[in-house]
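Architecture and fold: a report
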There are 4 protein chains.
Amino acid sequence: MKKQNKNLAALTPPLGWNSWDCYGPAVNEEQLLGNAEYMAEHLKDFGWQYVVCDIQWSEPNAGKEGWAYVPFAPLCLDEYGRQIPAENRFPSSAGGKGFAPVAEKIHAMGLKFGIHIMRGVPRLAVHRQLPVLGTDTTCNRIASSDSVCRWNSDMYGVDFRKPGAQEYYNSIFNLYAQWGVDFVKVDDICNTNMYPHDPYSAEKEIEMIRHAIDQCGRQMVLSLSPGPAVIEKAWHLRKNANMWRITDDFWDQWDLLLHMFERCEVWQRHVSEGCWPDCDMLPLGRIRVTIDGVGEYTHFTHDEQITMMTLWSIFRSPLIMGGEMRDNDEWTLSLLTNEEVLRVQQHGKNAEQVLRSEERVIWKSDAEDGSRYAAFFNLTKQPQEISIPLAELELDGSCHVRDLWKKENLDDVAGILSATVPAHGAVLYQLTQI
Amino acid sequence: MKKQNKNLAALTPPLGWNSWDCYGPAVNEEQLLGNAEYMAEHLKDFGWQYVVCDIQWSEPNAGKEGWAYVPFAPLCLDEYGRQIPAENRFPSSAGGKGFAPVAEKIHAMGLKFGIHIMRGVPRLAVHRQLPVLGTDTTCNRIASSDSVCRWNSDMYGVDFRKPGAQEYYNSIFNLYAQWGVDFVKVDDICNTNMYPHDPYSAEKEIEMIRHAIDQCGRQMVLSLSPGPAVIEKAWHLRKNANMWRITDDFWDQWDLLLHMFERCEVWQRHVSEGCWPDCDMLPLGRIRVTIDGVGEYTHFTHDEQITMMTLWSIFRSPLIMGGEMRDNDEWTLSLLTNEEVLRVQQHGKNAEQVLRSEERVIWKSDAEDGSRYAAFFNLTKQPQEISIPLAELELDGSCHVRDLWKKENLDDVAGILSATVPAHGAVLYQLTQI
Amino acid sequence: MKKQNKNLAALTPPLGWNSWDCYGPAVNEEQLLGNAEYMAEHLKDFGWQYVVCDIQWSEPNAGKEGWAYVPFAPLCLDEYGRQIPAENRFPSSAGGKGFAPVAEKIHAMGLKFGIHIMRGVPRLAVHRQLPVLGTDTTCNRIASSDSVCRWNSDMYGVDFRKPGAQEYYNSIFNLYAQWGVDFVKVDDICNTNMYPHDPYSAEKEIEMIRHAIDQCGRQMVLSLSPGPAVIEKAWHLRKNANMWRITDDFWDQWDLLLHMFERCEVWQRHVSEGCWPDCDMLPLGRIRVTIDGVGEYTHFTHDEQITMMTLWSIFRSPLIMGGEMRDNDEWTLSLLTNEEVLRVQQHGKNAEQVLRSEERVIWKSDAEDGSRYAAFFNLTKQPQEISIPLAELELDGSCHVRDLWKKENLDDVAGILSATVPAHGAVLYQLTQI
Amino acid sequence: MKKQNKNLAALTPPLGWNSWDCYGPAVNEEQLLGNAEYMAEHLKDFGWQYVVCDIQWSEPNAGKEGWAYVPFAPLCLDEYGRQIPAENRFPSSAGGKGFAPVAEKIHAMGLKFGIHIMRGVPRLAVHRQLPVLGTDTTCNRIASSDSVCRWNSDMYGVDFRKPGAQEYYNSIFNLYAQWGVDFVKVDDICNTNMYPHDPYSAEKEIEMIRHAIDQCGRQMVLSLSPGPAVIEKAWHLRKNANMWRITDDFWDQWDLLLHMFERCEVWQRHVSEGCWPDCDMLPLGRIRVTIDGVGEYTHFTHDEQITMMTLWSIFRSPLIMGGEMRDNDEWTLSLLTNEEVLRVQQHGKNAEQVLRSEERVIWKSDAEDGSRYAAFFNLTKQPQEISIPLAELELDGSCHVRDLWKKENLDDVAGILSATVPAHGAVLYQLTQI
């Protein structure tokens with residue numbers, strides 16, 4: 001029953017918040033819980049539920065050199081080489097309680113709790129030769145000495161050929177289950193082309209992690225990063241994960257957004273229950289905050305934000321808010337709480353790109369009630385009239401048209417659907433045959 | 001309505017015969033019609049309908065140097081640079097009748113007629129500066145001088161940027177429509193990575209061909225070769241073609257068959273009405289016949305033939321028989337006329353690889369009546385017991401089991417499905433929940 | 001004695017003129033002879049001797065569509081498929097005299113005559129099935145049907161495996177010998193990585209050409225284009241050619257000039273008698289002239305021109321003037337007639353890069369009299385002081401210093417040699433130990 | 001005077017012994033000194049002088065798991081993170097004396113002493129945050145966290161951008177100077193393509209090492225491994241090193257020997273005083289000895305050994321004996337003590353490949369007395385007659401011929417030099433014009 005269980009963890013694409021875009025490696029307990037409270041108050045009713053603590057929660061000094069990782073940082077470990085939260089940043093973890101108190105508070109708000117981990121075993125645990133829980137081996141005997149991340153010095157990869165390798169992964173996921181973790185974002189693992197001298201290893205680490213979750217007794221969403229995921233490995237990803245990044249880190253730059261249309265084209269047929277190709281977090285609202293409190297608002301224009309939200313929604317990417325939500329303005333909050341758009345993302349079916357050129361993109365999908373969704377995207381720097389014969393949307397005759405972002409009914413159309421779309425903007429319509 | 005029309009040409013994966021595996025570049029009218037008659041008599045009732053004449057039907061000397069193409073062969077052309085059948089090989093084409101008489105005979109048998117073409121315009125037409133029908137340009141002005149096939153010297157690619165390029169493709173497909181062609185296999189075009197210095201051109205030639213078919217007034221199946229098709233281009237292929245080769249040329253060698261499991265894994269989610277990833281022709285029965293009549297029977301063992309037919313069927317590849325059918329033995333004919341297996345290929349749904357390792361592969365799909373198909377493949381050189389929990393096939397409790405190749409009901413199973421599968425062999429079961 | 005002969009053709013790096021940079025594919029007899037006369041009058045005494053007619057002298061319409069090659073142009077051929085000059089452009093070639101009259105006139109001026117050819121056999125000769133001189137085969141039987149140039153549609157490669165292949169090359173070089181050709185620039189052949197599906201072929205064509213020259217009874221300089229030549233193939237190039245391009249086409253752009261320092265670093269140890277890595281023509285003076293007479297002066301600044309001339313000279317690249325010399329201004333002529341700089345190029349020994357960074361480059365070589373040459377190059381956009389310990393130039397104590405471009409003696413130096421070098425400029429000194 | 005000093009360390013290609021081929025990572029003091037004594041007695045008079053201790057002399061347990069490196073082995077370090085000899089293996093190093101006592105003994109024999117190091121800083125020193133001598137930084141601040149060796153877990157690369165990086169390298173070479181080291185083989189550094197994500201780093205580490213040697217006050221030969229070195233970086237290698245490996249690890253297999261002809265072709269013009277492209281150690285005599293004393297004699301046939309010694313000698317590779325010399329048989333010793341062959345290696349000039357095909361290779365070089373050396377190599381499995389016109393060796397008329405391996409004068413030859421060469425064998429002749 002393995003596969004059924006795996007997909008049950010995320011029957012619809014997850015809606016949540018992640019600390020990276022606003023706080024980088026340095027988020028603390030107050031910020032985490034503060035955003036959880038905001039979500040409970042403003043977003044939960046729209047379906048948002050995951051609150052995810054991103055990278056380096058075991059590093060006491062994270063953020064002290066800006067967002068850069070301190071090389072060879074002295075992570076907080078337990079006696080089995082497992083990372084535990086840095087107490088100075090997560091005070092409730094004191095006394096060996098780990099993330100259990102945080103998880104409990106978030107659960108009490110009716111939400112779910114997630115954490116980020118790097119694949120592998122801490123280098124510190126390796127060089128200290130710490131024991132692997134439940135085995136008579138030590139961390140240095142399961143580590144792969146040349147399997148290191150390009151951008152972070154915390155871990156060594158775990159060598160699946162070594163006795164104790166699976167037990168190590170079991171030991172950390174059992175700890176997470178005990179804490180009450182509902183969502184795990186595993187990093188340095190998704191793009192299996194990253195380490196061309198040994199691509200097979202990343203696949204094996206994914207399988208060990210899948211197995212560790214299956215045995216831990218708690219349902220967890222498994223999210224893999226960073227992308228771009230390798231399309232030839234789609235079957236393996238669908239088999240083992242719930243979400244996988246189809247792009248490298250996404251930020252508020254138009255060229256990255258433009259490039260996502262190509263990624264969605266490639267991955268569109270791999271979207272299904274429990275299997276969610278992931279366009280990455282939404283860099284909306286206030287982001288890039290340092291520990292001194294310096295931050296800035298997203299560089300995306302309003303129209304670009306609409307384009308992003310529309311593409312993520314019709315494609316059915318998970319929506320993971322990246323900004324400090326307590327600083328949301330009304331516009332930002334409105335993007336996250338349009339229930340008509342969220343319905344496209346949560347319940348659309350058969351999403352498909354209809355057309356893609358240098359100038360424009362059109363997508364369609366099916367609503368639960370048999371009506372059709374259509375999204376027009378203007379890739380140019382000028383407003384543009386975009387049209388498509390209704391037949392290309394598999395519609396006949398005439399249709400009622402509703403603009404989902406504006407929540408307005410437009411004039412009925414026959415034969416051809418047209419719209420004037422702003423520069424770098426999008427429209428999202430629901431079309432009901434008359 | 002373009003897209004709907006395109007898929008209507010092949011609502012189920014095509015069943016047919018192609019002359020290449022038996023006659024290479026040298027098939028003649030007698031052989032073509034002889035195989036058509038065989039099909040009408042023995043296979044038509046099982047759904048087989050396409051009779052396809054493969055490469056170089058316009059080359060009078062094809063086959064005189066074995067299966068090798070004569071470099072710079074003097075193809076038969078009409079005054080617009082369009083290839084016409086070589087009269088010495090296709091006598092009924094005399095007097096400018098082209099393939100119309102052959103098509104008429106095949107249609108009269110209740111079958112459909114297909115031809116092969118290379119993408120592009122004949123080099124001869126280019127160097128003779130022949131006019132492009134319906135334009136005031138000439139073939140040398142639409143050809144791309146460095147777009148040449150690696151293995152055949154007949155054609156230059158057509159440069160989509162040139163006035164008259166689309167008209168040239170229209171002119172040839174209008175001729176084929178006039179002849180009564182139902183199926184066109186276009187070669188040197190499918191693997192868009194073949195020509196890395198200009199990959200975009202092949203895509204544009206595919207689009208010109210799609211457009212030429214759409215305007216010609218006759219429904220035609222569009223089949224693209226050779227593979228491996230590029231998975232990143234799946235959307236484009238689905239948009240424009242009915243079948244596309246996912247493999248380089250396939251022959252009766254185990255390593256090629258073994259490699260097909262990987263190809264099917266990659267392409268499985270792109271199989272749908274009118275869109276058929278293609279595992280290539282079936283090198284069964286008597287193949288590799290020279291013009292002197294020398295040929296041989298397939299090198300595949302019976303078990304390997306079952307493996308091939310089972311994979312092609314559950315994956316829903318088109319089935320295009322490659323051997324000289326008039327020489328079929330009883331075994332070969334039986335492979336093509338098992339209506340229970342053909343039903344899996346024609347009407348299975350949601351085919352999916354369940355498991356793939358070095359030793360074995362398991363696939364499943366859904367039957368129309370709600371029962372489940374399951375195929376076990378033994379990749380090793382020894383007989384092997386293969387098992388799977390029914391739950392992995394999304395079945396509960398107990399099932400009736402029918403062996404589709406043997407057309408026998410087996411004992412009911414509960415919990416686990418097991419079978420002993422011969423070396424390089426396969427079993428194909430239908431499982432009906434009790 | 002093959003190798004000795006080969007090097008004897010170019011004991012010092014050739015000095016000459018080539019028609020490409022000024023006239024592209026369209027040079028005519030008047031222009032060719034006019035530049036020869038200019039050379040005889042102004043440059044011959046400084047060692048300049050080669051007058052080379054570049055590509056497409058057999059194409060009557062060359063230049064009518066600007067510098068673009070007309071696809072599938074109807075080249076002038078003799079009955080053996082050998083290109084002959086287009087009479088409308090080279091009137092003296094009428095009556096089958098080919099380039100013999102032009103060569104004779106150039107020889108009478110005390111100069112030498114060169115031509116450009118593309119590797120291979122004309123496509124026209126192939127499709128007309130013309131005979132190969134001295135054989136009973138035809139051009140279509142020696143051509144390689146998929147060996148085509150990327151940028152020009154005139155030729156097919158010659159397949160060394162085919163009987164008659166060597167005879168074809170012999171036939172064309174025998175014709176050139178008969179005309180009195182002293183220098184052959186063979187194109188589409190030097191960068192053996194250009195055609196990755198068949199790199200071996202280009203090597204074999206080079207060997208066939210070497211053999212054809214060796215047997216033709218006339219000494220000819222063999223120059224190979226385009227680059228970049230492949231450094232792993234240096235031994236093969238040294239064995240067979242006299243000059244080979246180490247760069248793609250060079251024009252009057254700073255980034256191309258900047259990149260040449262890297263190429264010279266790589267190739268410096270392959271410079272020797274009869275073996276001249278080639279930095280390409282000098283885009284100096286009036287260049288890019290159309291058949292309507294529109295042209296322009298080089299975009300290089302005077303300092304950049306000094307940099308180019310200095311690098312080419314100390315590295316000992318051939319110097320092949322590219323501009324229409326009859327339009328030279330005094331500055332341009334002065335660059336070509338500085339006998340002290342030309343001595344560095346003709347007779348320097350052991351040239352070696354001393355240092356290369358983002359900001360500067362230093363080279364040295366040995367003069368015949370035991371003194372040392374040193375060149376300083378400023379790669380930045382600002383004037384820059386450049387210094388080097390004399391010991392790094394293998395000099396001790398104190399030195400006399402002569403500025404070769406200014407033909408001035410400077411103050412003696414001791415210990416350190418310094419100079420202020422203008423932006424993108426160079427200095428070239430001769431240092432004589434005291 | 002930097003460059004002059006660098007080349008003075010190795011005016012002729014080094015002759016020596018290295019512990020790797022016989023003892024892998026586990027050589028001990030007795031073995032090292034035992035081989036030094038053998039060299040002093042049997043080889044010193046022929047020019048052999050270097051005794052080199054290969055990898056992991058600071059690892060107490062090396063060899064206990066065979067030749068495999070123990071992952072994350074606890075190396076012996078001083079308080080500045082510098083490796084020191086493991087006392088259990090090198091007892092004379094006790095009391096902080098390092099390799100000084102060993103060096104002293106070897107010097108007393110009239111020989112020179114060398115050691116192997118991996119580029120970088122010990123991971124142990126990094127994770128222990130040990131200070132860098134003479135700075136106020138620590139090892140973790142100069143290490144590059146993702147710069148790790150593929151096959152050995154001892155070190156992190158040193159990041160040249162970090163303050164203290166050069167000082168670290170100075171600190172280790174100052175220690176080696178103090179010990180009396182004459183030769184340093186630096187590993188994991190030569191093939192700058194090994195780490196494609198950051199190739200520039202390896203170059204910078206080479207420069208730091210060059211600088212560290214220049215400042216340490218003791219002349220040392222700098223040898224870089226492993227290969228294949230990158231030919232595009234030849235200038236940089238010549239500028240900084242004395243020897244650099246042009247091949248991956250070489251062992252006693254014919255295919256590796258065969259492949260060396262291609263490497264020597266590529267590198268032949270980079271051989272000069274102080275600059276020695278290196279074909280790797282000679283796997284001759286008794287090799288592959290474990291700490292239990294199990295070993296074996298080279299798998300090369302006698303003829304293959306002659307081929308190896310002849311190629312290394314005429315190309316002028318360093319000759320570094322790899323076997324346990326105290327177990328040499330007479331044949332093996334004879335290969336190392338043929339003074340006529342060693343003269344080719346020590347004093348030949350202008351070595352050049354004359355010819356290379358699938359079947360045979362010919363090289364030539366110039367002797368000091370104006371005579372010519374010629375080597376014929378038979379690459380096939382059958383004896384073969386090999387011939388070359390004397391003119392191709394730049395010889396005229398007639399010659400005396402001496403067989404250098406047999407130390408015999410042969411009959412004079414005129415016009416053509418021929419020899420029957422055994423399968424996989426070679427001959428080496430000296431030719432003196434009459």
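First, a word on scope: everything that follows refers to the structure included in this document.

Parameters at a glance
- Residues numbered from 1 in each chain as written.
- Chains lettered and ligands numbered in written order.
- Predicted model: local features only at pLDDT ≥ 70, side-chain atom pairs only at ≥ 80, totals over all residues.
- Heavy atoms only, no water.
- Helix = DSSP H or I, 4+ residues; strand = E, 2+ residues; numbered from the N terminus.
- Rg over C-alpha atoms; globule rule 2.2 N^0.38 Å.
- Buried < 20%, exposed > 50% of the residue type's maximum accessible area, 1.4 Å probe, protein only.
- Contact = heavy atoms within 4.5 Å.
- Least-squares fit on C-alpha atoms with pLDDT ≥ 70 in both.
- Buried area = accessible area lost by both parts, 1.4 Å probe.
- Salt bridge = Lys/Arg side-chain N within 4 Å of Asp/Glu carboxyl O.
- Nonpolar A, V, L, I, M, F, W, Y, C, P; charged D, E, K, R; others polar.
- Phe/Tyr/Trp six-rings, centres within 6.5 Å; stacked < 30°, edge-to-face > 60°.
- Lys NZ or Arg CZ within 6 Å of the ring centre and 35° of its normal.
- 1 Å grid on protein atoms, 1.4 Å probe; cavity = no way out; pocket = protein on both sides within 12 Å on 5 of 7 lines; lining within 4 Å.
- Points joined across faces, edges and corners; volume = space filled by probe spheres on them.
- Core = buried A, V, L, I, M, F, W, Y, C linked by side-chain atoms within 4.5 Å.
- Pairing = 2+ DSSP bridges.
- Axes fitted to C-alpha atoms, helices over the stretch in contact; angles between N-to-C directions.
- Parallel < 35°, antiparallel > 145°, perpendicular 65-115°, else oblique.
- Polar contact = N/O pair within 3.5 Å; in protein donor to acceptor, adjacent residues only side chain to side chain.
- Patch = residues over 30% accessible without salt bridge, like charges linked within 9 Å, V, L, I, M, F, W, Y side chains within 5 Å.
- Areas by Shrake-Rupley, 256 points an atom, 1.4 Å probe, with all protein chains shown as cover.
- Lys, Arg positive; Asp, Glu negative; His and termini not counted.
- Charge placed at Lys NZ, Arg CZ, Asp CG, Glu CD.

**Here we look at the overall build of chain A**
A count of helices and strands for chain A gives 13 helices and 22 strands. In summary, chain A has a C-alpha radius of gyration of 22 Å against a globular reference of 22 Å for 434 residues, a match within 12%. Buried positions account for 65% of the 434 residues belonging to chain A. Considering only contacts within chain A whose residues lie at least 6 apart along the sequence, 73% involve residues at least 24 apart.

**Quick look at the relation of the copies chain B and chain A**
Rotating chain B by 180° about the axis while translating it 0.1 Å along that axis superimposes it on chain A, leaving an RMSD of 0.1 Å. The operation mapping one copy onto its partner corresponds to a two-fold rotation axis. Minimal C-alpha distance to the rotation axis in chain B is attained by Arg269(B), lying at 3.2 Å. Here 100% of the contact residues of chain B are again contact residues in chain A; the copies associate through an equivalent surface.

**Concerning the interface of chain B and chain A**
On the chain A side, the residues contacting the 24 residues of chain B number 24 residues. Summed over both partners, the interface of chain B with chain A buries about 2100 Å², with 46% contributed by carbon and sulfur atoms. Counting across the interface, chain B meets chain A through 0 salt bridges. For the side of chain B that touches chain A, the elements supplying multiple residues, two or more each, are helix 1 (2-8), helix 9 (234-240), helix 10 (254-267) and strand 15 (349-356) of chain B. It is strand 15 of chain B that provides the largest number of residues to the side of chain B that touches chain A, a total of 5 residues. Of the residues that constitute the side of chain B that touches chain A, the class distribution is 8 nonpolar, 5 polar and 11 charged.

**Here we look at the packing of aromatic side chains**
How two aromatic rings sit relative to each other is set out by the distance from centre to centre and by the angle between their planes. Residues and elements named next belong to chain A. Enumeration according to the criterion identifies 72 aromatic pairs over all chains in this entry. Feature note: the residues Trp57, Phe90, Phe99, Phe113, Phe173, Tyr176 and Trp179 constitute an aromatic cluster, connected by ring pairs. Here the guanidinium or amino end of Lys204 rests over the ring plane of Phe160, the centre of that ring lying 5.4 Å away.

**With respect to empty space enclosed by the protein**
Its volume calculated, the largest cavity comes out at about 210 Å³. Forming the walls of the largest cavity are 18 residues, and the residues nearest its centre are Asp146(B), Ser147(B), Val148(B), Tyr195(B) and His197(B). Mapped onto the lining of the largest cavity, the elements with two or more residues apiece are strand 6 (143-148) and helix 8 (199-216) of chain B together with strand 6 (143-148) of chain C. Here the lining of the largest cavity takes 4 residues from strand 6 of chain B, the largest share from any one element. Its boundaries defined by the atoms lining it, the second largest cavity holds a volume of some 160 Å³. Lining the second largest cavity we find 18 residues, and of these Arg119(A), Ser147(A), Asp198(A), Ser201(A) and Ala202(A) sit closest to its centre. Those elements that place two or more of their residues in the lining of the second largest cavity are strand 6 (143-148), strand 7 (155-158) and helix 8 (199-216) of chain A. Along the lines of polarity and charge, the residues of the lining of the second largest cavity split into 6 nonpolar, 6 polar and 6 charged.

**Remarks on the pattern of salt bridges**
This model, assessed by the stated rule, comprises 96 salt bridges over all chains. One connected set of salt bridges, linked through shared partners, spans Glu30(A), Glu324(A) and Arg326(A).

**So, the nonpolar core**
In a soluble, globular protein the nonpolar side chains are often hidden away together inside. Among the nonpolar cores identified, the biggest contains 500 residues, and Phe173(A), Tyr176(A), Phe173(B), Phe173(C), Phe173(D) and Tyr176(D) are the most heavily contacted of them. Dropping the residues within four chain positions of it, Phe173(B) is found in contact with Ile117(B), Val184(B), Ile209(B), Ala212(B), Ile213(B), Cys216(B) and Met220(B).

**A closer look at the sheet that holds strand 19 (residues 398-403) of chain A**
All names here are of chain A. Here we have 6 strands laid out as an open sheet, ordered 15-16-17-22-19-20, and antiparallel in their pairing. This sheet does not close on itself; its edge strands, each paired only once, are strand 15 (349-356) and strand 20 (408-414). Within the sheet, the average angular offset between the axes of one strand and its neighbour, ignoring direction, is 25°. Both strand 16 (residues 360-366) and strand 17 (residues 372-378) contribute to a ladder of 7 bridges, which runs antiparallel. Following the sheet pairing, Asp366 is matched in strand 17 by Arg372.

**Observations concerning the pairing of strand 18 (residues 384-389) of chain C**
Sheet faces and side chains relate simply in a regular strand, where the side chains alternate between the two faces. Residue and element names in this part refer to chain C. Because side chains alternate across strand 18, one face comprises the buried residues Gln384, Ile386 and Ile388, and the other comprises Glu385, Ser387 and Pro389, none of which is buried. Strand direction decides the pairing type here: strand 18 and strand 21 (residues 416-421), joined by 6 bridges, are antiparallel. Within strand 21, the residue paired with Pro389 across the bridge is Ile416.

**Re the packing of helix 11 (residues 302-315) of chain C against helix 13 (residues 339-347) of chain C**
Residue and element names in this part refer to chain C. Across the interface, helix 11 lies against helix 13 with an axial gap of 6 Å and an inter-helix angle of 40°. Comparing the axis directions of helix 11 and helix 13 gives the class oblique. The residues of helix 13 that touch helix 11, namely those facing Trp312, Ser313 and Ile314, are Val341, Val344 and Gln345. Among the residues forming the contact of helix 11 with helix 13, the class breakdown is 4 nonpolar, 2 polar and no charged.

**A closer look at the sheet that holds strand 4 (residues 112-118) of chain A**
Residues and elements named next belong to chain A. In space, the 8 strands of this open sheet follow the order 11-10-9-8-4-2-1-14, with parallel pairing throughout. Only two strands of the sheet have a single neighbouring strand rather than two, namely strand 11 (276-278) and strand 14 (319-321). On average, each strand axis in the sheet is inclined to that of its neighbour by 25°, with strand direction left out of account. Relative to strand 11, strand 10 (residues 243-245) is paired through 3 bridges, and the arrangement is parallel. Residue Met243 lies in a different strand from strand 11, and its bridge partner there is Trp276.

**Details of the interface of chain C and chain D**
In this complex, chain C contributes 24 residues to the contact, which on the side of chain D involves 24 residues. Across the chain C to chain D interface the summed buried area is about 2200 Å²; carbon plus sulfur atoms make up 46%. Between chain C and chain D we count 0 salt bridges in total. Taken together, the connections running from chain C to chain D amount to 5 residue pairs in polar contact (both at pLDDT 80 or more). When residues of the side of chain C that touches chain D are traced back to their parent elements, those giving at least two are helix 1 (2-8), helix 9 (234-240), helix 10 (254-267) and strand 15 (349-356) of chain C. Looking at the side of chain C that touches chain D, the element that brings in the most residues is strand 15 of chain C, giving 5 residues.

**Describing a negative patch on the surface**
Residues Glu232(A), Glu262(A), Glu232(B) and Glu262(B) make up a contiguous surface patch of negative charge. Structurally, the position occupied by Glu262(A) is in helix 10 (residues 254-267).

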